[in-house]
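Architecture and fold: a report
If you want the building blocks of each chain, they are given just below.
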Amino acid sequence: MTKTAIYPGSFDPVTFGHLDIIERASKITDELIIGVLKNSSKTPLFSIDERVKMLKEVTKNFDNVRVESFDGLLVDFAKEKNAIMIVRGLRAVTDFEYELQLSQTNKVLNKGIDTVFLTTNLKYSYLSSSIVREIASYDGDISEFVPSLIAEKIRERIKENRDEQYSKQD
Ligand code: COA
């Protein structure tokens, strides 16, 4: 039986922290599906299609990794994909409470799916997508946090957003 796992998130944008989890999770599963959440309460920098495309690009060298978007409940998506586990990264103790609640609720919703936690590499334990977006919005250097291809897309998008704002003010 193929052991399929789902690694869910917003990935707005994907960072080296996510890639570290993807690389390690891909080694302990037969197939890893990165599930990009469509409808989040967060206001995204990138559209769902852009996020999926960027993730596909940066994970193209992993043979057993696929990228898909999903809407609705994570457990329903996992069931649809015949996944037996959900992979989550734990960055610090502050993540724990939320993650525990999420995994326990998901277990109640679907008993057949377990959540597996991977501790994030210490190097990236402080990292989040919003921190990257914030640094980039002040034209800071984000090369330590995201692959160069992603850094370029972020800079482009921030410039586009700025130009749009300026044109509205005129
Ligand atoms: N490296 C770097 N950053 C990381 C990271 C890592 N290893 N792990 C998490 N992060 C960051 C993310 O980039 C994100 O940053 P942001 O808040 O600045 O955007 C932040 O930590 C939170 O990540 P995460 O908890 O994965 O949130 P998310 O919005 O990316 O994903 C879902 C949350 C998708 C898992 C959850 O909302 C979900 O399952 N939704 C579907 C509906 C559902 O089933 N709800 C659950 C019912 S109990």
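Before any of the text, the structure's been laid out above.
Let us look at the structure shown here.

Basis of the calculations
Residues numbered from 1 in each chain as written. Predicted model: local features only at pLDDT ≥ 70, side-chain atom pairs only at ≥ 80, totals over all residues. Heavy atoms only, no water. Helix = DSSP H or I, 4+ residues; strand = E, 2+ residues; numbered from the N terminus. Rg over C-alpha atoms; globule rule 2.2 N^0.38 Å. Buried < 20%, exposed > 50% of the residue type's maximum accessible area, 1.4 Å probe, protein only. Lys, Arg positive; Asp, Glu negative; His and termini not counted. Charge placed at Lys NZ, Arg CZ, Asp CG, Glu CD. Axes fitted to C-alpha atoms, helices over the stretch in contact; angles between N-to-C directions. Parallel < 35°, antiparallel > 145°, perpendicular 65-115°, else oblique. Left-handed = near helix turned anticlockwise from the far one by under 90°. Contact = heavy atoms within 4.5 Å. Nonpolar A, V, L, I, M, F, W, Y, C, P; charged D, E, K, R; others polar. Phe/Tyr/Trp six-rings, centres within 6.5 Å; stacked < 30°, edge-to-face > 60°.

A tally of helices and strands in the chain yields 6 helices and 5 strands. Walking the chain from its N terminus toward its C terminus, one meets helices and strands in the order β-α-β-α-β-α-β-α-β-α-α. In summary, the chain has a C-alpha radius of gyration of 17 Å against a globular reference of 15 Å for 170 residues, a match within 12%. Each of the three principal axes of the chain carries a C-alpha extent, and together these read 60 × 30 × 30 Å. Looking at the chain residue by residue over its 170 residues, the buried ones come to 45%. Of the charged side chains in the chain, 24 are positive and 27 negative, and the gap between their average positions amounts to 3 Å.

Here the focus is the packing of helix α5 (residues 129-137) against helix α6 (residues 148-169). Two quantities define a packed helix pair, namely the angle between the axes and the distance from one axis to the other. Between α5 and α6, the least distance of the axes is 10 Å, while the angle of their chain directions is 60 degrees. In terms of their interaxial angle, α5 and α6 are classed as oblique. Note on packing geometry: the crossing formed by α5 with α6 is right-handed. For the pair α5 and α6, the contacting residues are V132, R133, A136 and S137 in the first and I154, I158 and R162 in the second. Split by residue class, the contact of α5 with α6 holds 4 nonpolar, 1 polar and 2 charged.

What follows covers the packing of aromatic side chains. Tallied over the full model, the rule gives 4 aromatic pairs. Here Y7 and F11 contribute two aromatic rings whose centre-to-centre distance is 5.4 Å and whose plane-to-plane angle is 70 degrees, an arrangement assigned as edge-to-face. For the pair Y126 and F145, a centre-to-centre distance of 6.2 Å together with 75 degrees between the ring planes defines the contact as edge-to-face. With Y126 in the loop between β5 (114-119) and α5 and F145 in the loop between α5 and α6, this pair connects stretches of sequence that are 19 residues apart. On the accessibility criterion, Y126 (42% relative accessible area) is partly exposed. Among the residues examined, F145 registers a relative accessible area of 13% and is labelled buried.

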